[in-house]
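Observations on the model geometry
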Amino acid sequence: MTGNWLCWLYQYGLGGLLFLGILGSAVQTRALRLDSPSDRRLLIILLIGFFAFLTIHGLWIAAVQ
Amino acid sequence: MENAGPPVTLNFSLHPLDWAVIATYLVGIVLLGMWFGKFTKTTKDFFLGGQRFSWWVAAVACVATLVGSYSFMQYSQNGYNFGFSSMTAYTNDWFVLPLFLLVWLPIIYYSRLTSIPEYFERRFDRRTRIAVLVIIIIYLQGYIAFNLYSIGLALQSMLGGHLIIWAAAIAVLTALVIYAGGATSVMMADLLQAFLLLSAGLLVFFLGIRELGGFAAFWNALPTRHQLPFAQFNQPKEFHFVGDFWSDAITGTIAFYFINQSVLQRILSVKSVREARKTMLCQVLVLMPIAAVAVGGAGWIARAMVAGGASLTQDPNGKDIFIRVVQKLCAPGVFGFVMAALLAALMSTLEALINAISAVAINDIWRPFIRPGRSDTYYLRTARYVAVAGYVLGLLLIPVFQPFGSIYEALTHFNAIVVPPMVVVIVFGAVWKRFTPAAAFWTLILGAGALLVSLFVPDLITPLAHGEPVLATDPPWKHHSFMRSLFGLSVSTVLGIGITLFTRPKPVGELAGLVMSTIAEGKRNFKGGEPSEAGVGRSLVLSMAADPVEPATVRLPIRFMRELEAEPGDMLYVADDRWWLGGLRSVHVKAGPPHDQDDVLLISPDDIERGGLKTDRRVCVEKLM
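Residues numbered from 1 in each chain as written. Chains lettered and ligands numbered in written order. Predicted model: local features only at pLDDT ≥ 70, side-chain atom pairs only at ≥ 80, totals over all residues.

**Looking at the overall build of chain B**
Spelled out, the test is: Secondary structure follows DSSP: runs of H or I at least 4 residues long count as helices, runs of E at least 2 residues long count as strands, and numbering of each begins at the N terminus. Here the globule rule is a power law, 2.2 Å times the number of residues to the power 0.38, and the radius of gyration is based on C-alpha atoms. Three exposure classes are used, based on other C-beta atoms lying within 10 Å of a residue's own C-beta, which is placed from the backbone: buried for 20 or more, exposed for 12 or fewer, and partly exposed in between. Contact criterion: two residues are in contact if their C-beta atoms, reconstructed from the backbone, are within 7 Å.
The secondary structure content of chain B amounts to 23 helices and 6 strands. At 25 Å, chain B has a C-alpha radius of gyration in line with the 25 Å of a compact globule built from 625 residues. Residues counted as buried form 57% of the 625 residues belonging to chain B. Considering only contacts within chain B whose residues lie at least 6 apart along the sequence, 81% involve residues at least 24 apart.

Set out below in structure tokens:
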């Protein structure tokens, strides 16, 4: 069953790098403007979504094990 | 285990009540499409639904487009064989969302793109556009034929008769919806179809839970491996986590949201970038997980029933499991409802593909090359003929697919060859200003070439295969079919970077609005002036009156202009105040000089007609930018 934790790490590790990398580039190029309230709200929703999926999958694996 | 193959003949005799439900659905969907056709007046309406819809309409329609042919069959089969890990395809899109929402969406929306190949010409050059055009047409037409074939197969399996006759009958019905109204009709039909297919899938799941004696009994009956959210890391070769991650979460998701013309049309049919972002967030966070339960739930139920001693499937791989479970759980009438939902899933995807191919044919071939400079009415008429031609060609291509035992697998191989280079080119093109036209073109050509070679020399993939097992008895082209995507992405990335370093980039001045760092310029060009952030998204409701104001312009009372923080020249959206119409009756306009009369919006008769607005209704005015 440790295989499922490996999958979880792989998905949110590599996927997280991609996710955060794009967010960082967007801030740097001002495609995402932190001085705009709507952009800040969008950033927060994106981060909440990412951590929600990460947490749900983690708790799910822990519960089954 | 194969994902598809020769049909399993079920030899049902449908109850008259089931027939009645199916017939009601089919007649209803055609009438609905024809009624909504009256909102289609221009090619923009036909391809993009007039860019008028609210976010929730597009989100639900996207689900109907996504859940298509074989979704119920395939994911129920996966659910039966692999458990809850069948959901991952519907729950692993989150990583790509920043790229889509912050980069790709504003690029395509503010550039007023109507097709994907158009982006490739503006960002790179004409030869890259033509290369992409060829790939996309083959991709779409192949999928149309595949959908027609799968519809024919499904109906033939259940009811007998001839596959081509069933496929032709469905083609005629969906052609009526498309011919009548294009994207507007398809969007509204999709709305109904999405509710139908989601509710039917969930109904089957909940009926199964009840049959098993509650959720705890269902859960406890499942083997532990079926209870886990992820598949095994790298085996069996038919379905494993790492293959699914690279071929679906990364390549498949980017392909689906960035390259698939029918999804582009859904996203661009909404009234603003802000609404399009809401569409995507709702779809990925809420609707997709629900859809995952709807399409895979029957398989999980079946596994629990079989664990309890029931005998359900006649196929060793569980290909028929969805139909078997539905047959066992549903009473007459309910069975017809679920079958109508299955048809809805098939038809909505087909309609979206047909509308997409006519968009590509008109905007990328007809308008620029064959008959440039004609009236919009001419292109609209031609788009409808192309839609019909797409069906005819799809039907003619069915015999090409028939000899294959596993068409789905053939299409998966086709995707693995074509999609990775396009994914790399589109991502580099959108985020990297230095990425050159030569690199884009040769990455597409050489990347696809390398993938073709890998079909004959699969050992090329082995170093990246993460230990994926290979069956010695399989022909070489079947080896590493899951991991071919990672190979394609890696080769294309190296090619893209390498060629870029030795070739000349496009002048920065020609990239306004086409790459991540120039989105602000694109926004400015879209508005025709400096965008105003103040008051964006704020809306007010007031009465409306026809007035000889300049077309595409409205005049608001001074007080309302102040409340919206709007200035003359700002972009506004005027819609019927009934929210549940989802923007069906609406129009984009600019703010004109304010007036000091009563609380009334002054609008030209042309714009009232264009937006399908009713003068006896109040309107909601929203500031867009």
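**Things to note about the environment of B:Ala546**
Residue and element names in this part refer to chain B. Among the structural elements, Ala546 can be located in strand S1 (residues 539-546). The sequence separation of Ala546 and Ser532 amounts to 14 residues, and the corresponding C-alpha distance is 27 Å. Residues within four places of Ala546 in sequence aside, it is in contact with Ile603, Pro605, Ile608 and Thr615.

**Focus on the packing of helix H13 (residues 261-268) of chain B against helix H16 (residues 334-370) of chain B**
All names here are of chain B. Worth spelling out the cut-off: Simply put, an axis is a line fit to the C-alpha atoms, just over the touching stretch for a helix, and the angle between two N-to-C directions goes from 0 to 180 degrees. Put simply, angles under 35 degrees are roughly parallel, angles over 145 are roughly antiparallel, angles from 65 to 115 are roughly perpendicular, and the rest are oblique. The nonpolar class holds Ala, Val, Leu, Ile, Met, Phe, Trp, Tyr, Cys and Pro. Asp, Glu, Lys and Arg form the charged class, and all remaining residues, Gly among them, are polar.
Direction vectors running N to C along H13 and H16 enclose 90°, while the axes themselves pass 8 Å from each other. Between H13 and H16, the interaxial angle falls into the category roughly perpendicular. On H16, the residues touching Gln261, Ser262 and Gln265 of H13 are Ala352, Leu353, Asn355, Ala356, Ala359 and Val360. Taken together, the residues of the contact of H13 with H16 sort by class into 5 nonpolar, 4 polar and no charged.

**Here we look at the sheet that holds S1(B)**
How we decide: Two strands form a pair only when DSSP identifies at least two bridges running between them.
Reading around the barrel, the 6 strands line up as S1-S5-S2-S4-S3-S6 (chain B) and close back on themselves, with mixed pairing between neighbours. Direction aside, the axes of adjacent strands within the sheet are offset by 45° on average.

**A word on the interface of chain A and chain B**
By a frequent convention, interface size equals the accessible area lost on bringing the separate parts together. On the side of chain B, 31 residues touch chain A, which itself brings 30 residues to the contact. The element best represented in the side of chain A that touches chain B is helix H1 (residues 2-28) of chain A, accounting for 14 residues. Split into classes, the residues belonging to the side of chain A that touches chain B amount to 19 nonpolar, 10 polar and 1 charged.

**What about the domain arrangement of chain B?**
Residue and element names in this part refer to chain B. Rules: Each domain's extent was defined by an automatic or database domain assignment.
Taken as a whole, chain B is organised into domain 1 (16-235 + 263-413) and domain 2 (533-623). Contacts between the two partners involve 9 residues from domain 1, matched on the other side by 8 residues from domain 2. Considering only residue class, the side of domain 1 that touches domain 2 consists of 4 nonpolar, 2 polar and 3 charged.

**Topic: helix H15 (residues 321-329) of chain B**
The buried fraction of H15(B) amounts to 7 of the 9 residues, a majority that puts the element mostly inside the structure. Every buried residue of H15(B) is accounted for by B:Ile321, B:Phe322, B:Ile323, B:Arg324, B:Val325, B:Val326 and B:Leu329.

**A few points about the environment of B:Val360**
Residues and elements named next belong to chain B. Locating Val360 in the fold gives a position in helix H16. Residue Val360 is classed as buried on the basis of its C-beta count, with 25 C-beta atoms lying within 10 Å. Residues Val360 and Val273 lie 87 residues apart in sequence; the distance between their C-alpha atoms is 22 Å.

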